[in-house]
Amino acid sequence: MLYQSTRSRHTVNSLQAILEGIAPDGGLYLPVDLDSLNVDVARVADKSFEETAAVILRTLFDEFTEEEMADMVRRAYRGKFETEDCTPTVKVGGDYVLELFRGPTSAFKDVALSMLPVLITEAKKKLGITEKILILTATSGDTGKAALEGFHDVEGTGIIVFYPNGGVSAVQKAQMVTQEGNNVTVCAIEGNFDDAQTGVKNTFAACAKKDLTQYGVRLSSANSINIGRLAPQIVYYYKSYCDLVAAGEIKMGDKINFVVPTGNFGDILAGYFAKCLGLPVNKLVCASNQNDVLTEFLNTGRYDRRREFYRTNSPSMDILVSSNLERMLYLAAKGDCDKIAGYMKALNEEGEYTVDADLLASLQDTFFAGCCSEEKTLQTIRDTYVTYGYLCDTHTAVAVAVAKDFKATEAEGKTVILSTASPYKFPVSVLSAIGKEPDADEFRVMEQLNEATQVPVPEGLAGLKEKKVLHTDVIPKDAILDYVLKKVEA
Ligand SMILES: *Cc1c(COP(=O)(O)O)cnc(C)c1O
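Summarised in this report is the structure supplied together with it.

The rules behind the values
- Residues numbered from 1 in each chain as written.
- Predicted model: local features only at pLDDT ≥ 70, side-chain atom pairs only at ≥ 80, totals over all residues.
- Heavy atoms only, no water.
- Near = heavy atom within 4 Å.
- Polar contact = N/O pair within 3.5 Å; in protein donor to acceptor, adjacent residues only side chain to side chain.
- Nonpolar A, V, L, I, M, F, W, Y, C, P; charged D, E, K, R; others polar.
- Pairing = 2+ DSSP bridges.
- Helix = DSSP H or I, 4+ residues; strand = E, 2+ residues; numbered from the N terminus.
- Axes fitted to C-alpha atoms, helices over the stretch in contact; angles between N-to-C directions.
- Contact = heavy atoms within 4.5 Å.
- Core = buried A, V, L, I, M, F, W, Y, C linked by side-chain atoms within 4.5 Å.
- Buried < 20%, exposed > 50% of the residue type's maximum accessible area, 1.4 Å probe, protein only.

**Regarding the site of the ligand**
Then, in step 1: In the neighbourhood of the ligand, 15 residues make up the surrounding shell, with Lys109, Gly263, Asn264, Asp267 and Thr420 lying closest.
Then, in step 2: One of the side-chain N or O atoms of Asp142 is found 2.9 Å from an oxygen atom in the ligand.
Then, in step 3: Take Phe265: an N or O atom from its main chain is 3.1 Å from an oxygen atom of the ligand.
Then, in step 4: Taken together, the residues of the shell around the ligand break down into 5 nonpolar, 7 polar and 3 charged.

**What to know about the sheet that holds strand β9 (residues 217-221)**
Then, in step 1: Ordered by their spatial adjacency, 5 strands build an open sheet running β9-β6-β7-β8-β16, and the pairing between neighbours is parallel. Either end of the sheet is taken by a strand with one partner, and the two such strands are β9 and β16 (474-476). Averaged over all adjacent pairs, the angle separating strand axes in this sheet is 30 degrees, with direction ignored.
Then, in step 2: In this structure, strand β8 (residues 184-190) lies alongside β16, joined through 3 bridges in parallel fashion. The partner of Ile189 across the bridge, within β16, is Ile475.
Then, in step 3: Across the sheet, helix α19 (residues 480-489) is in contact with β6 (132-138), β7 (157-164), β8, β9 and β16; its angle to β7 comes to roughly 160 degrees.

**Remarks on the environment of Cys187**
Then, in step 1: Mapped onto the elements, Cys187 comes out in strand β8.
Then, in step 2: Cys187 sits 215 residues away from Val402 along the chain, and the two C-alpha atoms are 36 Å apart.
Then, in step 3: Contact partners of Cys187, with chain neighbours within four places excluded, come to Val161, Phe162, Tyr163, Asp473, Ile475 and Tyr483.

**Side note on the nonpolar core**
Then, in step 1: Core analysis: the biggest nonpolar cluster contains 114 residues, and Phe61, Met69, Tyr238, Leu329 and Tyr353 have the highest contact counts within it.
Then, in step 2: Setting aside its immediate chain neighbours within four residues, Phe61 contacts Tyr3, Ser14, Ile18, Met69, Leu119, Ile227, Gly228 and Ala231.
Then, in step 3: In terms of nonpolar packing, the next biggest core, distinct from the first, is built from 21 residues, Val97, Phe101, Val430 and Leu461 among them.

**What to know about the environment of Lys109**
Then, in step 1: By the element assignment, Lys109 lies in helix α4 (residues 109-126).
Then, in step 2: On the accessibility criterion, Lys109 (12% relative accessible area) is buried.
Then, in step 3: Taking the C-alpha atoms as reference points, Lys109 and Thr143, separated by 34 residues in sequence, lie 6.6 Å from one another.
Then, in step 4: For Lys109, the residues in contact, after removing those within four places along its chain, are Asp142, Thr143, Ala146 and Arg229.

Here is the structure:
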């Protein structure tokens, strides 16, 4: 299958798209003919999570045989999630919650980052590439740990994660600095997340000019610009739909809505892919926190990143430039890559762009957008807990609140809310939301939350405090390139 950049006519096959991550022109890869692809939901109705994943991933990456993909999916998921079906859907009030946090690091990024290392290593084999793939990642918390968990001890790969010193929660830090594995490096930088991200981007640019293959290394990325990370996320939209059919909540063919707590627009874009592949979807609801750049854009057509950046209680959605929106614009503009390149140039140089009326109308056909304040997020956690006995994290709460606004405007179809993190990943906010005073020690807060709610602490988070710290490097923010080169040359 061919993949094309969003910014030019540059095309590659799916194996190259997975390995490269980003196109040489700075664009993102998309299947050349997404509209012609189809996965009939009836075909996967009785299948397991793994079987559904194999069908969907092979549709997008058809260089792999059915047998190969079935084996890859098994290696990625078997025995790694709390529940065998990986992403259960539960009924909460009149809606449904799709729990995506049952993986090893208790965040939804596990679903994709369990699969990506397998896709990368197998793509590498098929292309006859022998160099080691070195993954560089800047993280504000969740991605780093999920990527470490996915790539540790995967042969032929290495991973370096940079996180802002003092910029992640105690639990998130402990998750990363205790990571075991013979191919992993975790390093704090003296700076914020943007400094880490800029340092990593500059390192990619600088290394593109040097030939790292002389050291037997190629660099790649594990964030959601990589199509190999996006594709596995399509699976749970199908799975959740089929679960509702099996439970008798909907009939096969009924259209339903999905509400998605959104940051980089990766998760919700996977929902759009599912719709393109034929899943009966009415609306995809884009839920933002106080950083409401996407709400404004989807309601007005104007994207303006020149605004105040808020640190919120749903930090994994604190983002002003949503990278994957570029893919959505390309699809809505029917592949007009010059137009997209123009918008992205304007965003870079002037900090804003406005899409034309047709494009906006086509986006609004599919998407509803809303946002939620800090206070309302906590209020929603409390209300959901008190009314339904369901404990949700801050990111999920944003989606629950926006779902309510959405349903006030549109009644058609049942609504599934995507839950992207365990409440134990953000215990301080969640415990305060239900009216309890959190201790100063975040690990103690997890116990407090457990005592107050009896909701079990996920295995990967319990016992974290006792684990040995293995990574202690701290470097200045402008030393990332040197740090990477030293590792490469070693
Ligand atoms: C990354 C993340 C999100 C946002 O997902 P995008 O694909 O970036 O839109 C939402 N919630 C949590 C908990 C996350 O870690």
